[in-house]
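Per-entry structural report
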Amino acid sequence: MLFVVAAVGIAVFCFTLWCSVVVARMSGIPAWRRYLPLSLFLISNAASLLRAVDRPEVANTIAFPMTLAVIAISLVEIRTHRTGVKREHV
């Protein structure tokens, strides 16, 4: 069972890293939107490392929701880039 949990965790980590790197390499969108998923990914990994220093409550509160946010933002950016839909610059 531990092997399955580790495999799922590694798969989610790799998928999140891939998504954020793909968005960071896109051209035609503002720099803050390109690097937002990557910066949130790094913040979530830093929060996840807080488990090593015996702060699991902070890690549980921040790391998982931040990872989901990275995946959601990245997939929206990838989908809009592939379909060619222009988004309004705010």
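Now for a description of the structure that goes with this document.

What counts, and where the lines are drawn
Residues numbered from 1 in each chain as written. Predicted model: local features only at pLDDT ≥ 70, side-chain atom pairs only at ≥ 80, totals over all residues. Heavy atoms only, no water. Helix = DSSP H or I, 4+ residues; strand = E, 2+ residues; numbered from the N terminus. Buried < 20%, exposed > 50% of the residue type's maximum accessible area, 1.4 Å probe, protein only. Contact = heavy atoms within 4.5 Å. Axes fitted to C-alpha atoms, helices over the stretch in contact; angles between N-to-C directions. Parallel < 35°, antiparallel > 145°, perpendicular 65-115°, else oblique. Left-handed = near helix turned anticlockwise from the far one by under 90°. Nonpolar A, V, L, I, M, F, W, Y, C, P; charged D, E, K, R; others polar. Salt bridge = Lys/Arg side-chain N within 4 Å of Asp/Glu carboxyl O.

**Observations concerning the side chain of T67**
Structurally, T67 can be placed in helix α3 (residues 56-83). Given the relative accessible area of 16%, T67 is considered buried. Those residues in contact with T67 that sit more than four places away from it in its chain are V12, T16 and S44.

**Quick word on the packing of helix α1 (residues 2-24) against α3**
Viewed as axis vectors pointing N to C, α1 and α3 meet at an angle of 45°, and their least axial separation amounts to 9 Å. On the basis of the axis angle, α1 is oblique to α3. Relative to α3, the crossing made by α1 is left-handed. The residues of α3 that touch α1, namely those facing V12, F15, T16, W18, C19, S20, V22 and V23, are T67, V70, I71, S74, L75, E77 and I78. The residue inventory of the contact of α1 with α3, partitioned by class, reads 10 nonpolar, 4 polar and 1 charged.

**Examining the pattern of salt bridges**
In this structure the tally under the stated criterion is 2 salt bridges. Between E77 and R33 there is a salt bridge, with its nearest N and O atoms 3.1 Å apart. Of the two residues, E77 is situated in helix α3 and R33 in helix α2 (residues 31-48); the sequence distance between them amounts to 44 residues. In this structure, E77 and R33 share a single accessibility class: buried. Taking the shortest distance from any N to any O, the salt bridge between R55 and E57 comes out at 3.5 Å. A residue is classified by how much of its surface remains accessible, and E57, at 42% relative accessible area, is partly exposed.

**Let's talk about the packing of α2 against α3**
Here α2 crosses α3 at 160°, and the two axes come no closer than 8 Å. Considering the angle they form, α2 stands roughly antiparallel to α3. Where α2 crosses over α3, the two elements pack in a sense that is left-handed. Each of R33, L36, P37, L40, F41, I43, S44, A47 and S48 in α2 lies in contact with α3, whose residues at this interface are A59, I62, A63, M66, T67, V70, I73, S74 and E77. Split by residue class, the contact of α2 with α3 holds 12 nonpolar, 4 polar and 2 charged.

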